[in-house]
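So the chains spell out like this:
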Amino acid sequence: MAMASMTNSLRLFSVQLLLSFAMVYGKVPSIIVFGDSSVDAGNNNYIPTIARSNFEPYGRDFNGGHPTGRFCNGKIAPDFISQAFGLKGAIPAYLDPAYSISDFATGVTFASAGTGYDNATSSVLSVIPLWKELEYYKDFQTKLRTSLGDGKANDIIKEALYLISVGTNDFLENYYAVPGRSSQYTITEYENFLIGIAGNFTKALYDLGARKISLGGLPPMGCMPLERTGNLMGGSECVDSYNNLAAEFNSKLNDLVIKQNKELNGMDMVFSDPYGIMLDIVQKPAFYGFEVTGVACCATGMFEMGYACSRTNPFTCSDADKYVFWDSFHPTEKTNSIVANRVVQTTLAKFLM
Ligand SMILES: *[C@@H]1O[C@H](CO)[C@@H](O)[C@H](O)[C@H]1NC(C)=O
Ligand SMILES: *[C@@H]1O[C@H](CO)[C@@H](O)[C@H](O)[C@H]1NC(C)=O
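The structure reproduced in this document is the subject of the present report.

Each value, and the rule that gives it
Residues numbered from 1 in each chain as written. Chains lettered and ligands numbered in written order. Predicted model: local features only at pLDDT ≥ 70, side-chain atom pairs only at ≥ 80, totals over all residues. Heavy atoms only, no water. Helix = DSSP H or I, 4+ residues; strand = E, 2+ residues; numbered from the N terminus. Polar contact = N/O pair within 3.5 Å; in protein donor to acceptor, adjacent residues only side chain to side chain. Contact = heavy atoms within 4.5 Å. Pairing = 2+ DSSP bridges. Axes fitted to C-alpha atoms, helices over the stretch in contact; angles between N-to-C directions. Disulfide = S-S within 2.5 Å. Buried < 20%, exposed > 50% of the residue type's maximum accessible area, 1.4 Å probe, protein only. Near = heavy atom within 4 Å. Areas by Shrake-Rupley, 256 points an atom, 1.4 Å probe, with all protein chains shown as cover. Nonpolar A, V, L, I, M, F, W, Y, C, P; charged D, E, K, R; others polar. Salt bridge = Lys/Arg side-chain N within 4 Å of Asp/Glu carboxyl O. Parallel < 35°, antiparallel > 145°, perpendicular 65-115°, else oblique. Left-handed = near helix turned anticlockwise from the far one by under 90°.

With respect to the secondary-structure elements, Asn169 resides in helix H7 (residues 168-175). Within the structure, Asn169 has its side chain in polar contact with the backbone oxygen of Thr115 (distance 2.9 Å). In contact with Asn169, not counting residues within four places along its chain, are Asp36, Gly114, Thr115, Thr121, Asn174 and Phe329.

If you walk across this open sheet you meet the five strands as E2-E1-E3-E4-E5, and the pairing is parallel. Lying at the two open borders of the sheet, with one neighbouring strand each, are strand E2 (107-109) and strand E5 (268-272). Direction aside, neighbouring strands of the sheet carry axes that sit 15° apart on average.

This brings us to the state of the cysteines. Under the criterion given, the structure shown has three disulfides. Here Cys297 connects covalently by a disulfide to Cys317, the sulfurs 2.1 Å from one another. Classification of the bridge connecting Cys297 and Cys317 rests on its S-S torsion, roughly -95°, and on that basis the disulfide is left-handed. Of the two residues, Cys297 sits in the loop between helix H12 (275-283) and strand E6 (325-327) while Cys317 sits in the loop between H12 and E6, which places them 20 residues apart along the sequence. For Cys317, a relative accessible area of 9% corresponds to the buried category. Across the disulfide, Cys298 is cross-linked to Cys309 (sulfur-sulfur distance 1.9 Å). Residues Cys298 and Cys309 are joined through a disulfide that is right-handed, its torsion about the S-S bond being 120°. Of this pair, Cys298 sits in the loop between H12 and E6 while Cys309 sits in the loop between H12 and E6, and the two are eleven residues apart along the sequence. Each member of the pair, Cys298 as well as Cys309, carries the same accessibility label: buried. Cysteine pairing in the chain follows 1-2, 3-6, 4-5, where each cysteine in a disulfide is numbered by its order in the sequence. No disulfide involves Cys72; its sulfur sits 10 Å from the nearest other cysteine sulfur, which is in Cys297. The buried category is assigned to Cys72, whose relative accessible area is 0%.

So, on to the site of ligand 1. Around ligand 1, the neighbouring residues are Asn119, Trp131 and Ile197. In the model, an oxygen atom of ligand 1 is placed 2.3 Å from a nitrogen or oxygen of the Asn119 side chain. Between ligand 1 and Trp131 there is a distance of 3.5 Å, counted from an oxygen atom to a side-chain nitrogen or oxygen.

Turning next to the site of ligand 2. The environment of ligand 2 is made up of Phe193, Gly196, Ile197 and Asn200. In the environment of ligand 2, an oxygen atom lies 2.3 Å from a nitrogen or oxygen atom belonging to the side chain of Asn200. Here ligand 2 has 370 Å² of accessible area as a free molecule, and 31% of this is covered by the chains. Classifying every residue of the shell around ligand 2 by side-chain character gives two nonpolar, two polar and no charged.

What follows is about the pattern of salt bridges. This model, assessed by the stated rule, comprises twelve salt bridges. Lys158 is the partner of Glu159 in a salt bridge, and the nearest nitrogen-oxygen pair spans 3.7 Å. The partner of Asp280 in a salt bridge is Lys284, and the shortest N-O contact between them spans 2.6 Å.

Moving on, we come to the pairing of strand E4 (residues 212-216). Judged by how many residues are buried, E4 sits mostly within the fold: five of five residues are covered. Covered by surrounding structure in E4 are Lys212, Ser214 and Gly216 together with Ile213 and Leu215, the residues of both alternating faces. Where strand E3 (residues 161-165) meets E4, four bridges bridge the pair, whose relative direction is parallel. From the neighbouring strand, Leu161 faces E4, where its bridge partner is Lys212. Sheet topology places E4 next to E5; five bridges connect them, and they run parallel. Bridge pairing links Lys212 to Asp268 in E5.

Here we take up helix H2 (residues 77-84). Within H2, the full set of buried residues consists of Pro78, Asp79, Phe80, Ile81 and Ser82. Residues of H2 that are buried sit in contact with strand E1 (31-35), E3 and helix H13 (333-345). Looking one or two residues past H2, Gly86 carries a phi angle of roughly 80°, positive in sign.

In a packed pair of helices, the relevant descriptors are the angle between the two axes and the axis-to-axis distance. Orientation of H2 relative to H13, taken along the N-to-C sense of each, is 45°, at an axis distance of 8 Å. With respect to H13, the axis of H2 lies oblique. As for how H2 packs across H13, the hand of that crossing is right-handed. Where H2 approaches H13, its residues Ala77, Phe80, Ile81 and Ala84 are matched on the opposing element by Glu333, Asn336, Ser337, Ala340 and Val344.

Below is the structure:
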């Protein structure tokens, strides 16, 4: 064997060893999730809102077919991240009475589809505001301590990986869709207002004992089928202004991460960016094995989501793996898998070791 290839296989071997080591003796005992529909596994099923997806065809590819309240045909990013960390293959919703604190101890999501950083965003569809997700997390901490004792509970709280994925709705469901914020704030002022809330949220998590935090960026939101459908003048291409806004907001989130890592002793926060990989998938779908990117699988694919994406719609595609998007606002399981694994291999890899 040539020296170079021997070095390469040794290197590959040690990465694999490290990965399997992490999976057996993982330093991350739990994945704890906050945010919107990108990471909600069904909390909205238990509150009065129309922002729901616990019916077919949602979930038709989830573990052999089971709608859960995930806005997807199958799994969402936190499920794949959990799996990559050697933990369970699906992260349950905190409000789901089928699970108990012993399940939540190894991974739980407090997310609520339709929510945002801004309280006014959660009001649009009467969903759980981000501050209340944090209240549920405090409740989880109390139950964890009661169940496992302070020592073990504090260990989990400190070593867990916290995922935050929210923000798209603040712009698309709130600022640009309903009157209010746009008459109070310029778009730049609104971005900075949201960054202020994000900073207070991550600081509050830190004060509660969290250390390993992944602050998620926005996707190229101008490429969601709903936005492309609205872009009639632009030939149904991606809406550049929304993509540019997402990129700009992401750079501000990244600045926040750098700042808090300096300010807060022991804080180990990373900025997880889905933007680049998502845009690459949309621009080169065939490279990733996709056939359709401009419209979604569900119904006409142009504007339906939630209840409009019904089981009886004759236009729904038969193979979601050919589509980048499942409904007009959310990626398919296959897209989620590619994006989550990319983020694990790049940004989150440090937490595997
Ligand atoms: C959002 O609402 C909560 C609860 O009323 C409040 O404590 C918080 O200050 C509000 N956030 C902002 C940014 O106004
Ligand atoms: C963040 O927290 C600070 C200090 O508690 C508060 O003064 C400020 O209004 C908060 N910012 C937002 C946007 O909620």
